[in-house]
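What follows is the residue order along each chain.
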Amino acid sequence: MSVSPRYRVALGCYALWLVATVLLAAHELGLIPLLPGVEPGVVTGATVFFALGVVRRSRRGWRFLVGDDAA
């Protein structure tokens, strides 16, 4: 089964965000020093995921309102 490059990139970005989140949590617990780029990476990733979720919900809600809900 072939996986599209789009999903590979998305999965890679998600994995990097998860690693950055774990590193930030470890820093907050005092286990490791804060590495450069970790905090902005976590904030950027959370913002992107939030925006994508809003867009998906808006599209689904619009389709529901106009009566074209296929799901």
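1. Looking at a nonpolar patch on the surface
Next, step 1: A cluster of nonpolar side chains, namely L11, Y14, L18, V48, F49 and L52, defines an oily patch on the protein surface of about 540 Å² accessible area.
Next, step 2: Of all the elements in the fold, those that place two or more residues in the nonpolar patch are α1 (5-28) and α2 (38-66).
Next, step 3: Inspection of the secondary structure puts L11 in helix α1.
Next, step 4: The exposure class assigned to L11 is exposed, which follows from its relative accessible area of 57%.

2. Re the layout of surface pockets
Next, step 1: In this structure, the largest pocket encloses a volume near 470 Å³.
Next, step 2: In this structure, the largest pocket is lined by 14 residues; those nearest its centre are A10, C13, V48, F49 and L52.
Next, step 3: Mapped onto the lining of the largest pocket, the elements with two or more residues apiece are α1 and α2.
Next, step 4: By residue class, the composition of the lining of the largest pocket is 10 nonpolar, 2 polar and 2 charged.

3. Section: α1
Next, step 1: The first and last C-alpha atoms of α1 sit 35 Å apart over 24 residues, in line with the 34 Å expected at 1.5 Å per residue.
Next, step 2: Within α1, the full set of buried residues consists of W17, A20, L24 and A26.
Next, step 3: Looking at the packing, one finds that the buried side of α1 touches α2.
Next, step 4: Remark: G30 follows α1 within two positions and exhibits a positive phi of approximately 85°.

4. A few points about a positive patch on the surface
Next, step 1: Positive charge collects at one region of the surface, where R56, R57, R59, R60 and R63 lie side by side.
Next, step 2: For R63, the location among the structural elements is in helix α2.
Next, step 3: Among the residues examined, R63 registers a relative accessible area of 34% and is labelled partly exposed.

5. Overview of the nonpolar core
Next, step 1: Listed in full, the 5 residues of the largest apolar core are W17, A20, L24, V38 and V42.
Next, step 2: Elements that contribute at least two residues to this core include exactly α1 and α2.
Next, step 3: For this core, the element with the most residues is α1, which contributes 3 residues.
Next, step 4: Those residues in contact with V38, other than ones at most four positions away along the chain, are A20, L23 and L24.

The rules behind the values
- Residues numbered from 1 in each chain as written.
- Predicted model: local features only at pLDDT ≥ 70, side-chain atom pairs only at ≥ 80, totals over all residues.
- Heavy atoms only, no water.
- Patch = residues over 30% accessible without salt bridge, like charges linked within 9 Å, V, L, I, M, F, W, Y side chains within 5 Å.
- Areas by Shrake-Rupley, 256 points an atom, 1.4 Å probe, with all protein chains shown as cover.
- Salt bridge = Lys/Arg side-chain N within 4 Å of Asp/Glu carboxyl O.
- Helix = DSSP H or I, 4+ residues; strand = E, 2+ residues; numbered from the N terminus.
- Buried < 20%, exposed > 50% of the residue type's maximum accessible area, 1.4 Å probe, protein only.
- 1 Å grid on protein atoms, 1.4 Å probe; cavity = no way out; pocket = protein on both sides within 12 Å on 5 of 7 lines; lining within 4 Å.
- Points joined across faces, edges and corners; volume = space filled by probe spheres on them.
- Nonpolar A, V, L, I, M, F, W, Y, C, P; charged D, E, K, R; others polar.
- Expected span 1.5 Å × (residues − 1).
- Contact = heavy atoms within 4.5 Å.
- Lys, Arg positive; Asp, Glu negative; His and termini not counted.
- Charge placed at Lys NZ, Arg CZ, Asp CG, Glu CD.
- Core = buried A, V, L, I, M, F, W, Y, C linked by side-chain atoms within 4.5 Å.

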